[in-house]
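Residues per chain, in single letters:
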Amino acid sequence: MLFHPQSSLGRSLQDLLEQDPSFRTVAYFSMEVGIKTSIPTYAGGLGILAGDILKSAADLGVPMIGTTLLYRKGYFEQEFNKEKWQIEKPALWQPEQELTLLPNKVSVAIKNRDVHIRTWVYELSGLSGYSIPIYFLDTDIESNHPEDRQLSWYLYGGDNLYRLCQEIVLGVGGLRMLRDLGYNNIETFHLNEGHAGFLTLELMREMGYYDPEKVREHVVFTTHTPVAAGHDFFKYDLIEKIMSSDALATLKRMIPSEGVSMTELGLRYSRFVNGVSKKHAEVSRKLFSAPTIQSVTNGIHPTTWVSPGMRKLLSRHIPGWENDPARLIQALSLPSEDLWAVHQASKMRLFAYILEETGVPLQSDVLTIGFARRAATYKRADLIFSNLKKLIEIGGGKIQLVFSGKAHPKDDGGKALIQKIINTSDKIKDSIPMVYLENQTMELGRLITQGVDVWLNTPLRPREASGTSGMKCTINGVMNFSVLDGWWIEGWIEDVTGWAIGPTPSDTDLHSYDESKDALDLYEKLEKKIIPAYYNDKGHWHTMMKNAIAMNGSYFHTHRVVAEYCEKAYGVKFRGI
Ligand SMILES: *Cc1c(COP(=O)(O)O)cnc(C)c1O
């Protein structure tokens, strides 16, 4: 049996395995996993999604195991110099305070050396007491060559060779570690993005003969990147320097080409492949000429992202919603005054933080727009500043802006974008108060997605595969104002759950659409709909807040995502707790 939640209540996966060795599990592999701020092993949406999925699996009693790397130096801490240029400092943390070191050791061959790997475990406890383990692989062991010790130091650091070595540790080393821990009945390996794709190579080695179909039977692959340039690619010239000749020969049989695209490895050696929203699945089917790619739209873990006040309010009116978020439909009947009071409390909590950090006093009765996510250029954080004169005309004295987000250490475009936004705030601050908060973490992300009034999202289509920060807003009654891409195409009802920016997917001239027009539409909606609704029609605003919780919050959560993976991808009947 793959999955028996009734008997798993209050137990750990290890207990169940000891009791029933035939117990089958799902192993979820992710380059980054974000569980909480004090374990800084995530860079953005991909890792936090992984953490949220594992949390829902724990809540629901689904026997999953997480596997990732330890990253002793964390994902960096962000500071700005005098020129407002991003500076990175190591985000040092204490694994020994957060995780438990296990005695198990395995090794992988890298550059003719045996790299020893040990693992730490985090026991993720769900709402009903059932817990699942997340394994953090670590090569920083004395017996390793100094270079190899650093393989588990930096998330997305170093060059292509460093990344290749890390992905061997994650995919090959990760599987060997799970075997060493006694997991011999893993039914499904779920690759969250291509980084752990070398796991398929290790599965092939384990079988002792070449049978792609047998490997495929055990692998599920989720792609997250809708542009070809975003995928890891390793030339065989490089792989040759790192892997043993046996491994290289097998790999060349698996992918007969100049090198290995980790996405291609995932696509070819999985029984089920999905994109992370309906639109993204459609784009991926075209991009990879793979008509069978399915969609499982992302979600967020409700009790991680809901504000303390909102959680209490919801629990009072919808008891049990935490482990059955579909019931949030009943949020339509929340009392408006209570909802508003809870929202204002979150807003004041955010503003207190902002005052303390920046000295800027924001006003709790002024419409506040938030934008916080990785500062990747395709996300166009500066779109709202396309025409400063117009923005001040429309929003002067009526809006405030809260920004945050880290640029990847090597992304000078992203750093220039942040610099431009911070410099813009000096120009407009007399009419539009604005802050760029340093060092976005999960905790800061929580504060912002709970405490602003409107969540702005202006990516270039179709680059936002799903997006999840806007979902965090929905359960907190924060309104989405977003380009129609990723999840928002599925969640958006104009003037009901939020507002769209730019054309709708059914507009006929989409292929020739000029993306710079998005700014005009943004200004138009801000002026004609959002500002008037906020200041002159609070009743409508309150209704929209309830709609967001009821219509979006009830669907865009990881309990639904995990149930969907169980049914569509893992092939188990989902029963829930
Ligand atoms: C949710 C979250 C993200 C993802 O934001 P998107 O808008 O989906 O890109 C990134 N960083 C942090 C800290 C988050 O909490």
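Residues numbered from 1 in each chain as written. Predicted model: local features only at pLDDT ≥ 70, side-chain atom pairs only at ≥ 80, totals over all residues. Heavy atoms only, no water.

Per an unreviewed UniProt entry, the protein chain goes by the name Alpha-glucan phosphorylase and belongs to Aminobacterium colombiense.

### Things to note about the overall build of the protein chain
When helices and strands are counted, the protein chain shows 23 helices and 19 strands. Relative to a compact globule of 577 residues, whose C-alpha radius of gyration would be 25 Å, the protein chain shows 24 Å and is just as compact. By its C-alpha atoms, the protein chain is 70 × 50 × 50 Å across when sized along the principal axes. For the protein chain, the residues scored as buried account for 61% of the 577 residues in total. (Helix = DSSP H or I, 4+ residues; strand = E, 2+ residues; numbered from the N terminus. Rg over C-alpha atoms; globule rule 2.2 N^0.38 Å. Buried < 20%, exposed > 50% of the residue type's maximum accessible area, 1.4 Å probe, protein only.)

### Focus on the nonpolar core
Among the nonpolar cores identified, the biggest contains 68 residues, and L314, F403 and W541 are the most heavily contacted of them. Here this core gets 8 residues from one element, more than from any other, and that element is helix α21 (residues 517-536). Each of domain 1 (26-299) and domain 2 (302-555) accounts for three or more of the residues forming this core. Apart from residues no more than four positions distant in its own chain, F403 is found in contact with F371, A381, I384, F385, I421, M434, V435, Y436 and L437. (Core = buried A, V, L, I, M, F, W, Y, C linked by side-chain atoms within 4.5 Å. Domains from an automatic or database assignment. Contact = heavy atoms within 4.5 Å.)

### Concerning the packing of helix α7 (residues 199-207) against helix α10 (residues 245-254)
Direction vectors running N to C along α7 and α10 enclose 110°, while the axes themselves pass 10 Å from each other. As the angle between them shows, α7 and α10 are arranged roughly perpendicular. As α7 runs across α10, the sense of the crossing is right-handed. Contacts between α7 and α10 pair T200, L201 and M204 from the former with A247, T250, L251 and M254 from the latter. Here the contact of α7 with α10 is composed, by residue class, of 5 nonpolar, 2 polar and no charged. (Axes fitted to C-alpha atoms, helices over the stretch in contact; angles between N-to-C directions. Parallel < 35°, antiparallel > 145°, perpendicular 65-115°, else oblique. Left-handed = near helix turned anticlockwise from the far one by under 90°. Nonpolar A, V, L, I, M, F, W, Y, C, P; charged D, E, K, R; others polar.)

### Describing the domain arrangement of the protein chain
The domain boundaries assigned to the protein chain delineate domain 1 (26-299) and domain 2 (302-555). Each partner contributes residues to the interface: domain 1 has 42 residues there, and domain 2 has 39 residues. Both sides together, the interface formed by domain 1 and domain 2 hides about 3300 Å², and carbon and sulfur atoms give 58% of it. Considering only the surface of domain 1 that becomes buried against domain 2, Q78, K84 and W85 emerge as the three largest contributors, covering 18% of it. Run the count over domain 1 and domain 2 and you get 1 salt bridge. Our count for the contact surface shared by domain 1 and domain 2 stands at 16 residue pairs in polar contact (both at pLDDT 80 or more). (Buried area = accessible area lost by both parts, 1.4 Å probe. Salt bridge = Lys/Arg side-chain N within 4 Å of Asp/Glu carboxyl O. Polar contact = N/O pair within 3.5 Å; in protein donor to acceptor, adjacent residues only side chain to side chain.)

### Quick word on the site of the ligand
Taken together, the residues surrounding the ligand are G44, G45, I48, W305, R373, K379, Q440, T441, G467, T468, S469 and K472. Contact between the ligand and R373: an oxygen atom at 2.7 Å from a side-chain N or O atom of the residue. T468 is positioned with one of its backbone polar atoms (N or O) 2.6 Å from an oxygen atom of the ligand. Bound to the protein, the ligand loses 95% of the 390 Å² it would expose on its own. Partitioning the shell around the ligand into residue classes produces 2 nonpolar, 7 polar and 3 charged. (Near = heavy atom within 4 Å. Areas by Shrake-Rupley, 256 points an atom, 1.4 Å probe, with all protein chains shown as cover.)

### Let's talk about helix α6 (residues 160-180)
Helix length check: α6 (21 residues) gives 29 Å between terminal C-alpha atoms against 30 Å at 1.5 Å per residue, within 8%. Of all the bends in α6, the largest measures some 35° and sits at G173. Of all the 21 residues making up α6, 16 are buried; the element is thus mostly covered by neighbouring parts of the structure. Just past α6, the residue G182 takes up positive phi, approximately 105°. (Expected span 1.5 Å × (residues − 1). Bend = angle between axes of the 7 residues up to and from the residue.)

### So, the packing of aromatic side chains
Overall, the coordinates contain 18 aromatic pairs when judged by the stated rule. Arranged with centres 6.3 Å apart and planes meeting at 55°, the rings of W340 and Y534 form a pair that is tilted. With W340 in helix α15 (residues 336-358) and Y534 in helix α21, the pair connects residues that are 194 residues apart, well separated along the chain. Take W340 and Y534: they sit in the same class, and that class is buried. With centroids separated by 4.8 Å and ring planes inclined at 70°, the aromatic side chains of W487 and F556 adopt a geometry described as edge-to-face. (Phe/Tyr/Trp six-rings, centres within 6.5 Å; stacked < 30°, edge-to-face > 60°.)

### Some remarks on the sheet that holds strand β14 (residues 367-372)
The sheet built from 6 strands is open, its strands ordered β16-β15-β14-β17-β18-β19 with parallel pairing. Only two strands of the sheet have a single partner each, and these edge strands are β16 (434-437) and β19 (498-501). For this sheet the average axis-to-axis angle between neighbouring strands, irrespective of direction, equals 20°. Of the pairings in the sheet, the one linking strand β15 (residues 399-404) to β16 comprises 4 bridges and is parallel in character. (Pairing = 2+ DSSP bridges.)

### Observations concerning helix α16 (residues 388-395)
An α-helical segment advances 3.6 residues per turn. Residues three or four places apart therefore align on the same side. Turning to α16, its buried residues number three or more, namely L391, I394 and G395. The arc that holds the buried residues of α16, viewed along the axis, is 75°, so those residues lie on one side. Counted as exposed and oriented over 90 degrees from the buried face of α16: K389 and E393. Each element contacted by the buried residues of α16 is listed here: β15 and α21. Positioned one or two residues after α16, G397 has a phi angle of 75°, which is positive. (Arc of directions from axis to C-beta.)

### A closer look at the pattern of salt bridges
Taken as a whole and assessed by the stated rule, the structure comprises 35 salt bridges. A salt bridge links R176 to E202, with the nearest nitrogen and oxygen atoms 3.0 Å apart. Of this pair, R176 sits in helix α6 while E202 sits in helix α7, and the two are 26 residues apart along the sequence. For E202, a relative accessible area of 3% puts it in the buried group.

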